[in-house]
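Chain by chain, the residues:
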Amino acid sequence: MREMVKICCSLLILSLLSGQLSANPGLKVRITQKGLEYAKEVGLEILKQNMEKERFPDLTGHEKFGLGNVKYNISRIHVTAVELPSASISLQPGSGIKLVIGNASLTIDMNWNIRTWMFKDSGRGTVHISKVFVTAIFSTPLDNTGPTSISLTSCQTASGDIDIKLNRKTGFLHNFFIKYLKKPIHRSLVTNSCPNIRAGIQLIDEDLRSLNAAMQIDDLAEVDYSLSSLPAVFQPFIDLDLKGVVFPVGNYTDSPFVAASSTIPDQSDSMLYLAFSEYFFQTSSFAYYTAGAFNMTLAEETCSYFNINTEIFGSIIPEVAKYSVTAYPVMLKLMATEIPLISLQQDSFTVEIQGSMEVVASLPDSTTQSLFTLNIAANSSISLNIFDQKLMGSLCLNRVQFSLAHSNVGSFEVLLLENILSYILQTEVIPSANAKLSKGLPLPNLANVTLTRPHITIVELFFAEIPKSLFAVKHKTQLRKKNAKVVCNCSLTPTYLVPYKM
């Protein structure tokens, strides 16, 4: 019972947050009824497997019999079969999730012994319990004084028929014992079911508290997926707003960007919807810019395809040839001069990078001499994919423009350099960036489940029209007043199970 409740509740709450929650999210999560149904089916299978493995405590007591008592002891209780023909899970708007297990049955083997003042006997028995009904409603209350918690607001258990067989033994005393043995079995079933559910919910709280902490992406950045507002429960789905903020490791400097409000399109074909806003990617850009991730140095020994030296530049730029008759190694120092600008439009995810490239000669006396500095304006496209619970990107350089910012060798025509510099960017810088992007950005840990069969698109949404889609990233500008969404449909697979066949 605990495992099934754990999966269902974990889908309801992705993280815990202390204090007041109000900011617009960087990431929206929607769990549909289809996702809950899948969790129910997987959870029921886990429940059956765990019950058949579980060992139950002994039952010891006595019942009045005539002028005396019948003392009994039931030990080595073991469930041999579980049938769950009817179960449902539904969303209760404004409250939480309702789980109903109906007409369940269990077959139990056990050892028994009885003793009276004049008689004792023992043996092996079989108990068949049928028409078991469990109804549980759990919710996620939040206030401003403490952390989020999962609350069991209602739980009821009822069992119908109990049939007991004692090693084919018959007789007045055995029949009497069977009659009274039903009482402690029924009492144990009814008494323990709801506390077990409550204990399972407490385990969920313990597991989910770790999500309140920031998740490290790499050595440079972390991401915060804690809740930014209360979970919203509707009839067909649950919506959760997560902060979705990326920041430099150990540096919680406020981002210059502000998240705009957004909604996920009304769609229920998939189990899970993830809506990454443009704000999420903007904070990523800011975090890595702050951490210096866009700065790099290319030297003669690090270039893969050719050696860069003053001779190469001198063959193109006469001013460099005049400055350096001897061929000296050259370093290219690249850096972003502004926070890279993220832009999401229909089927397009682009990044505008404003930067500089300083060309520095390494002299024989181990000193360096700056030759010239260029301004760079680059436009790149990013394609997205989800693999191994990570959001991964691949960068493609669309166009690049160079202009002379400063020169110690005299003025020259930058156009002469564009081909070789573009080639260096394509063969050295872009592959290096893609190697970093391929490490991926971890997605929220959704209760030990993985996303399968993801499909990502980018759509641009005007306020007057919201097309149906599955995975969204929004874009908002004051001039154009639009939303853009990256759309992906995802199924769920528990990491500890073989993928469930639907």
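These numbers were taken from a predicted model, which means no experiment stands behind them.

This paragraph deals with the sheet that holds strand β10 (residues 215-216). Read from one edge to the other, the open sheet built from three strands follows the order β10-β11-β14, with strand pairing classed as antiparallel. Looking at the sheet topology across the chains shown, the edges are occupied by β10 and β14 (245-248). Where strand β11 (residues 221-224) lies against β14, four bridges are found, and the strand directions are antiparallel. Each bridged residue has a counterpart across the sheet, and for valine 223 the counterpart in β14 is valine 246.

Attention now goes to the packing of aromatic side chains. Per the stated rule, a full pass over the model turns up six aromatic pairs. Geometrically, the ring pair formed by phenylalanine 313 and phenylalanine 372 is edge-to-face, given 6.1 Å between the ring centres and 75° between the ring planes. Of the two residues, phenylalanine 313 is situated in helix α5 (residues 310-316) and phenylalanine 372 in strand β20 (residues 368-387); the sequence distance between them amounts to 59 residues. Grouping residues by exposure puts phenylalanine 313 and phenylalanine 372 together as buried. The structure contains a cluster of three or more aromatic residues connected by ring pairs, namely Phe276, Phe280, Phe281 and Phe349. One Lys or Arg, arginine 30, reaches over the ring of phenylalanine 237 and ends 3.6 Å from the middle of that ring.

Turning our attention to the environment of leucine 341. Relative to the helices and strands, leucine 341 is located in strand β18 (residues 341-345). Judged by relative accessible area, which is 49%, leucine 341 ranks as partly exposed. The sequence separation of leucine 341 and glutamine 354 amounts to 13 residues, and the corresponding C-alpha distance is 8.7 Å. Not counting residues up to four positions away in its chain, the partners in contact with leucine 341 are Thr350, Val351 and Glu352.

With that settled, the discussion passes to the side chain of serine 343. If you trace the backbone, serine 343 turns up in strand β18. On the basis of relative accessibility, which here comes to 16%, the residue serine 343 falls in the buried class. Dropping the residues within four chain positions of it, serine 343 is found in contact with Glu278, Ser348, Phe349 and Thr350.

Applying the stated criterion to the full structure yields six salt bridges. For lysine 165, the salt bridge is made with aspartate 163, and the minimal N-O distance between the two is 3.9 Å. Taking relative accessible area as the criterion, aspartate 163 reaches 38% and is therefore assigned partly exposed. Put simply, glutamate 352 and arginine 399 hold a salt bridge, and the shortest N to O gap is 3.9 Å. Here arginine 399 lies in strand β21 (residues 390-407) and glutamate 352 lies in strand β19 (residues 348-362), a separation of 47 residues in the sequence. A residue is classified by how much of its surface remains accessible, and arginine 399, at 52% relative accessible area, is exposed.

A word on the side chain of serine 75. Inspection of the secondary structure puts serine 75 in strand β4 (residues 68-83). By relative accessible area, serine 75 is classed as buried at 16%. Setting aside its immediate chain neighbours within four residues, serine 75 contacts Asp58, Met110, Asn111 and Arg124.

Another point: helix α4 (residues 278-290). The terminal C-alpha atoms of α4, which comprises 13 residues, lie 18 Å apart, in line with the 18 Å expected from a rise of 1.5 Å per residue. Counting buried residues along α4, eleven of its 13 residues qualify, which places the element largely inside the surrounding structure. Along α4, the residues that are buried comprise Glu278, Tyr279, Phe280, Phe281, Gln282, Thr283, Ser284, Ser285, Phe286, Ala287 and Tyr288. Within two residues after α4, glycine 292 carries a phi angle of roughly 80°, on the positive side.

Okay, helix α7 (residues 418-437) next. The largest bend along α7 measures about 35° and falls at leucine 425. Listed in full, the buried residues belonging to α7 are Ile420, Leu421, Ile424, Leu425, Thr427, Glu428, Val429, Ile430 and Asn434. Looking at the packing, one finds that the buried side of α7 touches β16 (296-298), α5, β17 (330-336), β19, β20 and β21.

One ladder, built from seven bridges, connects β17 with β19; its direction is antiparallel. If you follow methionine 331 over to β19, its bridge partner there is valine 360. Two elements, β18 and β19, share five bridges in a ladder whose sense is antiparallel. Looking across to β19, one finds that serine 343 is bridged to threonine 350.

In this structure, Phe276, Phe313, Leu332, Phe349, Phe372, Leu417 and Leu421 are the most contacted members of the largest nonpolar core, which totals 71 residues. By residue number, the principal contributor to this core is β20, which donates eight residues. Those residues within four positions of phenylalanine 313 in sequence are excluded, and the remaining contacts are Val320, Val330, Leu332, Val359, Phe372, Leu417 and Leu421. Core analysis: the second largest hydrophobic core is formed by 30 residues, Ile101, Leu106, Ile108 and Ile129 among them.

Cut-offs applied
- Residues numbered from 1 in each chain as written.
- Predicted model: local features only at pLDDT ≥ 70, side-chain atom pairs only at ≥ 80, totals over all residues.
- Heavy atoms only, no water.
- Pairing = 2+ DSSP bridges.
- Helix = DSSP H or I, 4+ residues; strand = E, 2+ residues; numbered from the N terminus.
- Phe/Tyr/Trp six-rings, centres within 6.5 Å; stacked < 30°, edge-to-face > 60°.
- Buried < 20%, exposed > 50% of the residue type's maximum accessible area, 1.4 Å probe, protein only.
- Lys NZ or Arg CZ within 6 Å of the ring centre and 35° of its normal.
- Contact = heavy atoms within 4.5 Å.
- Salt bridge = Lys/Arg side-chain N within 4 Å of Asp/Glu carboxyl O.
- Expected span 1.5 Å × (residues − 1).
- Bend = angle between axes of the 7 residues up to and from the residue.
- Core = buried A, V, L, I, M, F, W, Y, C linked by side-chain atoms within 4.5 Å.

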